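# Chain and residue survey
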Amino acid sequence: MKFDVLTLFPEMFTPLKESIIGKAIEDKKIELNLINIRDFSKDKHKKVDDTPYGGGAGMVMKADVVYDAYLSVKKEKAKVIFLSPQGKTLNQQKVKELSNENHLILLCGHYEGIDQRVIDEIVDEEISIGDYILTGGELPAMVLIDSVSRYIDGVLNKESVKEESFTNNMLEYPQYTRPEVFLGKKVPEVLLSGHHENIKKWREEQSLKITLQKRPNLLKLKGKEDIQ
Ligand code: 4GM
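Fair warning: this is a prediction, and the values are worked out from it, not measured in the lab.

How each quantity is defined
- Note that residues are indexed from 1 along each chain, following the sequence as it is written.
- Given that this is a predicted model, residues contribute local features only at a pLDDT of at least 70 and side-chain atom pairs are listed and counted only at 80 or more, while totals for whole chains, interfaces and linings are drawn from all residues.
- Hydrogens and water are ignored here; the side-chain numbers use all heavy atoms of the structure.
- Here a strand is any run of E in DSSP of at least two residues, a helix any run of H or I of at least four, and the numbering for each starts at the N terminus.
- Here, residues are in contact when the closest pair of their heavy atoms is within 4.5 Å.
- What sets the accessible areas is the Shrake-Rupley method with a 1.4 Å probe; for residues, cover comes only from the shown protein chains.
- Under the convention used here, Asp and Glu are negative, Lys and Arg are positive, and both His and the chain ends fall outside the count.
- By convention, charge coordinates are those of NZ in Lys, CZ in Arg, CG in Asp, or CD in Glu.
- Buried residues are those whose accessible area, probed at 1.4 Å on protein chains only, stays under 20% of the maximum for their type, while exposed residues exceed 50% and partly exposed ones sit between those limits.
- Pairing between two strands is assigned when DSSP locates at least 2 bridges connecting them.
- Whether a crossover is right-handed comes down to one check: with the strands pointing away from the viewer, does the path from the first strand over the helix to the second run clockwise; if it does, it is right-handed.
- Exposure above 30% relative accessible area and the absence of a salt bridge qualify a residue for a patch, where like charges join within 9 Å and nonpolar side chains (Val, Leu, Ile, Met, Phe, Trp, Tyr) within 5 Å.
- Should a side-chain nitrogen of Lys or Arg be within 4 Å of a carboxyl oxygen of Asp or Glu, the pair is scored as a salt bridge.
- To be near a molecule or strand, a residue needs just one of its heavy atoms within 4 Å of it.
- Here a polar contact is recorded for every N or O atom pair within 3.5 Å, except that within protein the pair must consist of a potential hydrogen donor and a potential acceptor, and residues adjacent in sequence are included only if both atoms are side-chain atoms.
- In summary, the pairing rule links any two rings of Phe, Tyr or Trp, Trp by its six-membered ring, whose centres are within 6.5 Å, and it sorts them by plane angle into stacked for under 30 degrees, edge-to-face for over 60 and tilted for everything else.

## A word on the overall build of the chain
Each helix and strand in the chain was counted, giving eight helices and nine strands. Taking the principal axes of the C-alpha coordinates as reference, the chain spans close to 70 × 40 × 40 Å. By sequence separation, contacts in the chain at least 24 residues apart represent 77% of the contacts at least 6 residues apart. For the chain, the accessible area works out to roughly 14100 Å², and carbon and sulfur atoms hold 51% of it. Distance between charge centroids for the chain: 4 Å, based on 34 positive and 37 negative side chains.

## A short note on the pairing of strand β6 (residues 103–108)
Within β6, six of the six residues are buried, which leaves it mostly tucked inside the rest of the structure. A two-sided burial pattern is seen for β6, the buried positions comprising His103, Ile105 and Leu107 on one face and Leu104, Leu106 and Cys108 on the other. Note: strand β1 (residues 2–7) against β6, five bridges, orientation parallel. In the strand pairing of β6, Val5 is matched with Leu106. As paired elements, strand β5 (residues 79–89) and β6 share five bridges and run parallel to each other. Across the sheet, the residue bridging to Ile81 is Leu106, located in β6. Between the parallel pair β5 and β6, the chain is carried across by helix α3 (residues 92–98), and the sense of this crossover is right-handed.

## Considerations on a nonpolar patch on the surface
Residues Phe9, Met12, Tyr111, Tyr132, Leu134 and Leu139 make up a contiguous nonpolar surface patch of about 520 Å² in total accessible area. Tracing the sequence through the fold places Met12 in the loop between β1 and α1 (19–26). A residue is classified by how much of its surface remains accessible, and Met12, at 33% relative accessible area, is partly exposed.

## Here's the deal with unusual backbone geometry
Note that the residue after Arg178, namely Pro179, is joined by a cis bond; omega there is 10°. Note that Pro179 resides in the loop between α6 (158–163) and β8 (181–182). Positioned with a positive phi, Ser19 is a non-glycine residue whose angle comes to about 55°. Summarising the element assignment, Ser19 is placed in helix α1. Positive phi values are uncommon outside glycine, yet Lys46 reaches one of about 60°.

## Here we look at helix α2 (residues 63–71)
The periodicity of an α-helix, 3.6 residues per turn, causes residues three or four places apart in sequence to face the same way. Among the residues of α2, those classed as buried are Ala63, Val65, Val66, Ala69 and Tyr70. Buried residues belonging to α2 abut β1, β2 (31–36), β4 (60–61), β5, β6 and α4 (116–122).

## Considering the site of the ligand
Close to the ligand lie 14 residues, the nearest being Ser128, Ile129, Gly130, Tyr132 and Leu134. A distance of 3.3 Å separates an oxygen atom of the ligand from a polar backbone atom of Gly109. For the ligand, whose unbound accessible area comes to 420 Å², protein coverage reaches 91%. Looking at the shell around the ligand element by element, the count peaks at four residues for β5.

## Concerning the packing of aromatic side chains
Tallied over the entire structure, the rule returns one aromatic pair. On the numbers, 6.0 Å between centres and 35° between planes, the contact of Tyr67 with Tyr70 is tilted. With a gap of three residues between them, Tyr67 and Tyr70 both fall in helix α2, about one helical turn apart. Looking at Tyr67, the relative accessible area reads 29%, which means it is partly exposed.

Printed below as a string of structure tokens:
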């Protein structure tokens, strides 16, 4: 999977170079290409934004600068995603669908927004990470890259993807490790029994109980918007 990110703040993506995603980039399982939109300003002051037509507060990113940044990475088969509060909310189903693409171009806005004409011209899909406003699309782009990369072969071990939360719309059972007693609390006996069938049954019961308690709506989706 290749991610091209069009942004005014490429340095914001440094955290993706850590941990599992960092390793996936090193191992060439995913490719992260950061494009600084400012490099495409033709202006001698490297201006990328201007005041909105019709008046009002804030600045608007200029259509021609964003378009030239896009042309520098444009490919026939790439899907262009604009991270915006107006988009469809990202969920695990969508994450999985996106992981089947080979090339995503992520457009990150800042200031008050981007000139609508370039959005209409280049964007295939508008995605939001939730109903709240951020100062830019960079954090949403990072959330998308992280969540999608987990489904790319060789990024996680297969067991982790299979057993995690939201698999079949169920939350995960609780986990325990040494010591056997912590602050007077003992690890559930069944997990020490070595009886694999009982352990499996106990974990399934826990998953169901926790899902009912914390996210009952997920159960309603069972079998409808299935994740795996
Ligand atoms: C307005 C238009 C995405 C604001 C375009 C971006 C929240 C989300 C921005 C933009 C954002 C979200 C920047 N805030 N909920 N702010 O996914 O890029």
